[in-house]
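Observations on the three-dimensional arrangement
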Amino acid sequence: MNFIISRIFVITLLILLADCVHSQWFPKNSGTINELKSVQFFDENTGFICGRNLLLKSSDGGQSWQNNFLPGNHNRLFFSGNNIGYICSDSGRVYKTSNGGANWILQNTNTIRDLTSIKFINAQTGIVTGKDRTFMKTTNGGSTWIN
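Attention here is on the structure that accompanies the text. (Residues numbered from 1 in each chain as written. Predicted model: local features only at pLDDT ≥ 70, side-chain atom pairs only at ≥ 80, totals over all residues. Heavy atoms only, no water.)

Points about the sheet that holds strand β2 (residues 47-51)
One open sheet accounts for four strands, arranged β1-β2-β3-β4; its pairing is antiparallel. Two strands in the sheet have a free side with no partner beyond their single neighbour: β1 (36-41) and β4 (66-67). With five bridges joining them, β2 and strand β3 (residues 54-58) adopt antiparallel strand pairing. Following the sheet pairing, Phe48 is matched in β3 by Lys57. (Pairing = 2+ DSSP bridges. Helix = DSSP H or I, 4+ residues; strand = E, 2+ residues; numbered from the N terminus.)

Some remarks on the side chain of Asn75
In this structure, Asn75 sits in strand β5 (residues 74-79). Take Asn75: its relative accessible area is 9%, and that puts it in the buried class. A polar atom in the side chain of Asn75 sits 2.7 Å from the backbone oxygen of Leu115. (Buried < 20%, exposed > 50% of the residue type's maximum accessible area, 1.4 Å probe, protein only. Polar contact = N/O pair within 3.5 Å; in protein donor to acceptor, adjacent residues only side chain to side chain.)

Quick notes on the sheet that holds strand β10 (residues 126-130)
On the basis of which strands lie adjacent, the open sheet formed by three strands has the order β9-β10-β11 and antiparallel pairing. Each edge of the open sheet is held by one strand with a lone partner, namely β9 (115-120) and β11 (134-138). On average, each strand axis in the sheet is tilted by 15° relative to the strand beside it, whichever way the strands run. (Axes fitted to C-alpha atoms, helices over the stretch in contact; angles between N-to-C directions.)

Let's talk about the packing of aromatic side chains
Per the counting criterion, the structure on display carries nine aromatic pairs. For the pair Phe79 and Trp104, a centre-to-centre distance of 6.1 Å together with 80° between the ring planes defines the contact as edge-to-face. Highlighted residues: Phe79 in strand β5 and Trp104 in the loop between β7 (94-97) and β8 (105-107), separated in sequence by 25 residues. Under the relative-accessibility criterion, Phe79 is labelled buried at 5%. Through successive ring pairs, a cluster of aromatic residues spans Phe42, Phe48, Phe79 and Trp104. (Phe/Tyr/Trp six-rings, centres within 6.5 Å; stacked < 30°, edge-to-face > 60°.)

Shown next, in the form of structure tokens:
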């Protein structure tokens, strides 16, 4: 009898845990039909989404999104801190913000290839990759990029 009760308890517990795990994801409306490609939050409230002709910012944990117009096909964004962030885009564009996304400044990459991924390992050193085996590195916070 104890074996049957133990088995029922374990099965019930597994069902409850499975339901709990799935309940942590909630759909949010971005307010756009544009293609979304990358999202990053740098604290529980402030986050960005980038995509085709789109840069969205949330200051309330994703409940609402404001469109910070930045033309281009943006593929990936990366924030290395609360104020420093980067976006890589098609046509060799890399944008940098040093004020938490209030302004985005185009950086010189010396390429026209589509850039698809960006990552920084510290404040100065970063890597961007793209189509046609593009691989570039910066050692000065994105001011210049070398193959």
